[in-house]
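The residues making up each chain are set out below.
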Amino acid sequence: MKNTYFDLIEQSFYFPQEGFDLKNDYLTFHGVSLKYLIDKYGTPFRFIYLPKIGDQIKKARNLFNRAIKNNAYKGKYHFCYCTKCNHFHHVINEALKHNVNIETSSSFDIDLVRYLHKKGKINKDIITVHNGYKTDEYLKKIIKLQEAGFTNSIIVLDSINEFERLMKIKSKQKIKIGLRMAINEEAQSAYYTSRLGIQNNKILDFFKEKIKTNEKVELKMLHFFVDSGIKDTPYYWGEFQKALKLYVELKKECNELEAFNLGGGFPIRNHLGFEYNYEYMIHEIISNIKTACTKENVMEPDIFTEFGKYTVGEAGAIIFEVLEQKQQNDTENWYIINNSLMNTIPDAWSIQEKFILLPINKWNNEYGRVNIGGISCDHSDYYNSEDFNQEVLLPSYKDSDEEPLYLGFFHTGAYQDSVSGYGGIKHCLIPAPKHVIVDRDDTGNIVDTVYRDEQSVREMLDILGYLEDE
């Protein structure tokens, strides 16, 4: 029986596959030579491949528009980029090249929107959907944004309290609002109903009592979002149907209501055996909305999505070098990498998120089960299970090998930098790795640049206040 790592992957999955291939026995990612990047920049480093962002946007938009056409659906589709997923300017700039709208989640996001407009990246007619808890400062900034000419700015209210506080703010024009419906969580959740949104059975009465005859506001959107994602499960469709029924009831009372917001939730690939029928799910969503609206004789709404993780997740990766292997007992072998997993991919230990883990080299070596450990002193700084096969299998190697084993965690482009506190102090003062941007020029050639070098001692000492007297 063949026992090399390449044989394992080839026999277990379709390989090569989208995004992954081998060239001269080294792994490539979206056609980018990882050996080239390693030789040029050393390790560790994280990088983002910008063209993948546009690919994802075009894929979702094409599938929704195709389903709209095939179902003779009268509403339009609007793709919103969820900024909290990845705020970096090169990421948002890339998304904006594809005419996305923007979803915000905090007060400072409004400053970001204003900056993008100042720099000519967006026009005032862009749709901005404002989610998250609305502090008074957040609400005031949104009102000022609307009064500055951003007429397609929609405040999605997360509670009745937010509405009451909004009404205390003076506005020169009618305020466009949305209502977020609280969903029931899945059975295994630690709580039954999401803290986000307004209870389903209170929204209609709230609209009739506080909004319907209120000349200061107009209801434009119903917002519905399932945290576990858009999945073909009885749970998802149950919550979806509740939201759809509520939309129809609200539409009968409100002519201005015109948008049904699905939030985020499209999954990304977290293992090589990943399968998800995006086209089927989109068709079912459009078909169900059309059927419900036709039955109740109401206008079909515009469809909004707020895809963040789906947009940028598969564009990112982080590359490590194995420093040492430690055989701690008869069955457990540890590969120690040259940074901290807790610091660089915090979702792996905080919420047990799984990413695609692959070696860059040594695919023709035999393989074995390993645990991966970071260099911090924390016992939680490890990775030892995959989403698909529940164990990490990687090439074995000899300590005398001239070239070290390199490992890559892929599809890490969403949330990891913001959750870990990019540019700040890391656990055990382990520096944030080098950050590389990979793009293609007009002729299709790879262009790679350093966005930020690895954190220096001086940068960390400055943050900690040790350089104040200099």
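It should be noted that the structure appears before, not after, this text.
Let me begin by describing the structure that accompanies this report. Not measured: the values here are computed from a predicted model. (Residues numbered from 1 in each chain as written. Predicted model: local features only at pLDDT ≥ 70, side-chain atom pairs only at ≥ 80, totals over all residues. Heavy atoms only, no water.)

1. Observations concerning helix α10 (residues 278-296)
Then, number 1: Its 19 residues place the ends of α10 28 Å apart at the C-alpha level, agreeing with the 27 Å of an ideal helix rising 1.5 Å per residue.
Then, number 2: Of the positions making up α10, those classed as buried are Y278, M281, I282, I285, I286, I289, K290, A292 and C293. The arc that holds the buried residues of α10, viewed along the axis, is 165°, so those residues lie on one side. Exposed residues on α10 whose side chains face more than 90 degrees from its buried face are T294 and K295.
Then, number 3: Those residues of α10 hidden inside the fold are in contact with α3 (51-70), α9 (234-253), β11 (259-261), β12 (302-307) and α11 (309-312).
Then, number 4: Just beyond α10, the residue with positive phi is N297, at close to 60°. (Helix = DSSP H or I, 4+ residues; strand = E, 2+ residues; numbered from the N terminus. Expected span 1.5 Å × (residues − 1). Buried < 20%, exposed > 50% of the residue type's maximum accessible area, 1.4 Å probe, protein only. Arc of directions from axis to C-beta. Contact = heavy atoms within 4.5 Å.)

2. Looking at the nonpolar core
Then, number 1: Core analysis: the largest hydrophobic core is formed by 89 residues, its most contacted members being F224, F240 and F260.
Then, number 2: In this structure, F224 is in contact with M181, I183, Y236, E239, F240, A243, F260, N261, L262 and G263, ignoring residues within four places of it in sequence.
Then, number 3: Core analysis: the next-biggest nonpolar cluster, separate from the first, contains 48 residues, V32, I318, F320 and A348 among them. (Core = buried A, V, L, I, M, F, W, Y, C linked by side-chain atoms within 4.5 Å.)

3. Some points on a negative patch on the surface
Then, number 1: Taken together, the side chains of D453, E454, E459, D462, E468 and D469 define an acidic patch exposed on the protein surface.
Then, number 2: Secondary-structure assignment places E454 in the loop between β22 (446-452) and α15 (457-463).
Then, number 3: Judged by relative accessible area, E454 falls into the partly exposed class, the value being 38%. (Patch = residues over 30% accessible without salt bridge, like charges linked within 9 Å, V, L, I, M, F, W, Y side chains within 5 Å. Areas by Shrake-Rupley, 256 points an atom, 1.4 Å probe, with all protein chains shown as cover. Salt bridge = Lys/Arg side-chain N within 4 Å of Asp/Glu carboxyl O. Lys, Arg positive; Asp, Glu negative; His and termini not counted. Charge placed at Lys NZ, Arg CZ, Asp CG, Glu CD.)

4. Section: the pairing of strand β1 (residues 20-23)
Then, number 1: The pairing of β1 with strand β2 (residues 26-29) spans four bridges and is antiparallel. In the sheet register, D21 faces β2, and the bridge partner there is T28.
Then, number 2: Linking two consecutive strands that pair antiparallel, namely β1 and β2, is a turn of two residues; a positive phi of about 55° is found at N24 within it. (Pairing = 2+ DSSP bridges.)

5. Digging into unusual backbone geometry
Then, number 1: Here the amide bond leading from F15 into P16 is cis, since omega sits at 0°, within 30 degrees of zero.
Then, number 2: Inspection of the secondary structure puts P16 in the loop between α1 (5-12) and β1.
Then, number 3: Cis geometry marks the peptide bond from T43 to P44, where omega comes out at 0°.
Then, number 4: Looking at the secondary structure, you find P44 in the loop between α2 (34-41) and β4 (45-49).

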